Amino acid sequence: MRKFDRYARRKLLSRIIAVLTGLCVIAVLYPLVSIVYESFALGGAVLFQAQFLTTQAPNGCSVIACQTVGIGPAVQGTLIVVGLAAGISVPVGVLAAIFASEYRVRGLGRAVSFTADVLTGVPSIIMGAFIYGYFVIYDPQIALSFYTGALALSAIMIPIVVRTTEEALRVVPNSVREAAMALGISKWKATLRIVLVASLPGVATGVLLAVMRAAGEAAPLLFTLGYSTLWFTSLSHPGANLPILIYTFALSEYSNQVKVAWGATLFLLILILVVNVVSRLMIHRMRVRMGGI
Amino acid sequence: MNADPLADTGRPRGYDLEIRQLKARAVAMGEWALGMVRDGWRAFSEGDLVAAQAVLDRGSELDRLDEDIEHAAIAFLVLRQPTAGDLRTAAGLLKITTHIDRIGRLGFDMARITTVGPPNEPADLREILERMDTVVESMVSQSLEALGHDRADLARDLFRRDDEVDQFHRDANRIILRELNAKTGNTTRVADDLLVARHFERIADNACKVGEKTVYALTGQRRSEYLPRHRYIPYILEGPTPRTRDNPPPG
Amino acid sequence: MNPTKLKVDHLTAYYSEKAAITDVSIEFPERAVSAIIGPSGCGKSTLIRCLNRMHETVVRTRVEGQVLLDSEDIYQLDPVRVRRRIGMVFQKPNPFVTMSIYNNVSAALRFNGRPSREETDRQVVRSLQQAALWDEVKERIDAPAVSLSGGQQQRLCIARALAAEPEVLLMDEPCSALDPIATAKIEDLIKQLKTEYTLVIVTHNMQQAARVADYTAFMYLGKLIEFGPTEELFERPKDSLTEAYITGRFG
């Protein structure tokens, strides 16, 4: 009878743990599911209106005219600023990572890694405020512009790119580097054209992560790219962008604009999802073609 | 740090045990062959047919021992792929057992020509043959001791003693020729003695060969490295010893 | 003995103040195979990695002494150029996994100069033929390198190293990751290659050294104990430490 008790107790305990972990899963998934659901519920209708991506608020926004439905300029602005930021952070981040992991210059590499680690934890609003503050002092003309917006986003993206690239490089086995060196291939050529190429899927994943993070950040853009409802004019002017639009319209008193905010949220979610899926597919194909690192 | 790899740990290392066993078997075969020589001579010298037959019966065992050692040595070479001293010993033993086999065969042959006739050769001939027997048996014993106890010095010494046996051989043949020319009526016996003297000389030679291979197994030295070139003195019984480039006239 | 191609002169190599090899001097003859044997930790891998300046790619290493390739000290030359003249094949086959067979073999050519497509093609075919791999891959030369078996991958690495047209080929235990049949093919390959190249091979397999090498060096605890023609070293080594190692008494 004693053995039976122990067995029954164990089964009961297992069941309790299973239920608890199940509840935790629900707790984790609930916010995600509810965000998606709410976005659909509140913004779905707006999304499918024909002018959603193409209209803009007319100049001289009157109370009536500001009840606009279009987010076209915001999408354009986001694409430009993220693209610019990527153009800065990918080369800088990748080269910094290469320096950190391949060229061991007296602990400088470790300093770079450590710095990148710390920076990933810095609140993004501080990045924005820092860039703004700097430019307000030294070049107030472009304190609010695509330039500073891109810089602020880069400040967030670079640490991510550095860390993921470093990891991807580390995964490449040393035998590859040794083989290249033993063939009399100089170190920089070997690093760029063999090692980096071998770690490309990992690097691409890191870039993807950084881009997605940057696309969604509102805080750094608050003081840099700013707010606008106009189509793109020039890089040294502030511009429209999705996160700030959502922020602004969500707080608006006009229900139309609130709906647009939800529509923009949904749009951003879908955009991120699509970019994610497509990129991962491409990365997977890259991995297969390379025969599996 | 690391222990000295050459230090004697008191335990057998590498193929020590197998090598020792191979050598022990060769020595045992040598003892068997030596016994055949000893008893073969005695049977012949006393005309004892029963003793002679006993020696003849030991021949098959000699063959068996030879084959066993050959098999064991080859298996050792194939399975262990030995090098250096182990290799030289295993390869050397294959040849050593051939020589030991010949030694036993020669004792066998001595027994085989035993007849029931009286041992009626002249006393001086008989004495020489007795002394040949003593020296030759001692040489075989010495070669076996050199082999069994890793004594390269004893092995090299055999060549010196071989010269002694050669001298006895020449003396014996001189007497035999004398007897045959004199036609004294014991021709058969004396003719048999001629053969026996020859057998003794061969046994001594084979014992030297055993020694030579033993030196090779132990040190890797080949004969030319420790012996002066062999002086092949032509076999002439009468007249002055001919002088050759290696045996120049004195002065 | 052929003239010396690669001369090691009082070489000492350090890993952070600890000497892995001490005062080693060897002369490797050209167009011959030299093997380096010894127990784990004896410094044989360190030595071979000093011969093409791979040793210094590890942090905090230092080298004293000289390594002369045709009388030029390689430590006074550009290391990248040195490694084009002295190639290396590693223990575990390490083809560039992201590249095809063709791209692997032509890597040295593509990265170190810009020869024409025809020239590259010719070199690739030639190198694969030299490595006895051409017949097996000629139908699928653009297939990924990882689609080959272990033994084929190792031959691919040899072809890749040969494509750079080195004068000396170093091999660090080239067969230890391979099965016996692949090993036999590589050993045959080594015997063919020595007509054109100077080869230095590290191996822990003494029978392999005995099979393929003309000369063998025995190292122990960072020092060179003995170097000489392989036959001599394995039949009659001069040093008792060498004999103790090759007969399995230690290590």
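Above this text is the structure in question.
A brief report on the enclosed structure follows.

Thresholds, definitions, all that
- Residues numbered from 1 in each chain as written.
- Chains lettered and ligands numbered in written order.
- Predicted model: local features only at pLDDT ≥ 70, side-chain atom pairs only at ≥ 80, totals over all residues.
- Contact = placed C-beta atoms within 7 Å.
- Helix = DSSP H or I, 4+ residues; strand = E, 2+ residues; numbered from the N terminus.
- Nonpolar A, V, L, I, M, F, W, Y, C, P; charged D, E, K, R; others polar.
- Pairing = 2+ DSSP bridges.
- Axes fitted to C-alpha atoms, helices over the stretch in contact; angles between N-to-C directions.
- Buried ≥ 20, exposed ≤ 12 C-beta atoms within 10 Å, placed from the backbone.

### Thoughts on the interface of chain A and chain C
Part 1 of the argument: Each side of the interface is counted separately: chain A has 19 residues, and chain C has 25 residues.
Part 2 of the argument: If you list the elements that add at least two residues to the side of chain A that touches chain C, you get helix 6 (174–182) and helix 7 (187–198) of chain A.
Part 3 of the argument: With 6 residues, helix 6 of chain A is the largest single contributor of residues to the side of chain A that touches chain C.
Part 4 of the argument: Tallied by class, residues from the side of chain A that touches chain C come to 11 nonpolar, 4 polar and 4 charged.

### A short note on the sheet that holds strand 8 (residues 198–202) of chain C
Residue and element names in this part refer to chain C.
Part 1 of the argument: Taken in spatial order, the 6 strands of this open sheet run 6-7-8-3-9-10, and their pairing is mixed. Where the open sheet ends on each side, the last strands, each with one partner, are strand 6 (86–89) and strand 10 (223–229). Averaged over all pairs of adjacent strands, the angle between their axes in this sheet comes to 20 degrees, without regard to strand direction.
Part 2 of the argument: As paired strands, strand 3 (residues 33–37) and strand 9 (residues 215–220) are joined by 4 bridges and run parallel to one another. The residue of strand 9 that forms the bridge with Ala35 is Thr216.

### What about helix 6 of chain A?
Part 1 of the argument: By the burial criterion, the buried members of helix 6 of chain A are A:Val176, A:Arg177, A:Ala179, A:Ala180, A:Met181 and A:Ala182.
Part 2 of the argument: Buried residues in helix 6 of chain A make contact with helix 7 of chain A together with helix 2 (79–85) and strand 6 of chain C.
Part 3 of the argument: Once helix 6 of chain A ends, the next one or two residues include A:Gly184, with phi positive near 80 degrees.

### Looking at the pairing of strand 10 of chain C
All names here are of chain C.
Part 1 of the argument: One ladder, built from 6 bridges, connects strand 9 with strand 10; its direction is antiparallel. Across the sheet, the residue bridging to Tyr215 is Pro229, located in strand 10.
Part 2 of the argument: Remark: 2 residues form the turn of the hairpin made by strand 9 and strand 10, two consecutive strands paired antiparallel; Leu221 in that turn has positive phi of roughly 50 degrees.

### Some points on the arrangement of the chains
Part 1 of the argument: For the 2 pairs of chains in contact, the largest share of contacts goes to chains A and C.
Part 2 of the argument: Between chain A and chain B there is no contact; the minimum C-alpha to C-alpha separation amounts to 31 Å.

### Some thoughts on the interface of chain B and chain C
Part 1 of the argument: If you look at the interface, chain B gives 15 residues, while chain C gives 16 residues.
Part 2 of the argument: Residues of the side of chain B that touches chain C, tallied by class, amount to 6 nonpolar, 6 polar and 3 charged.

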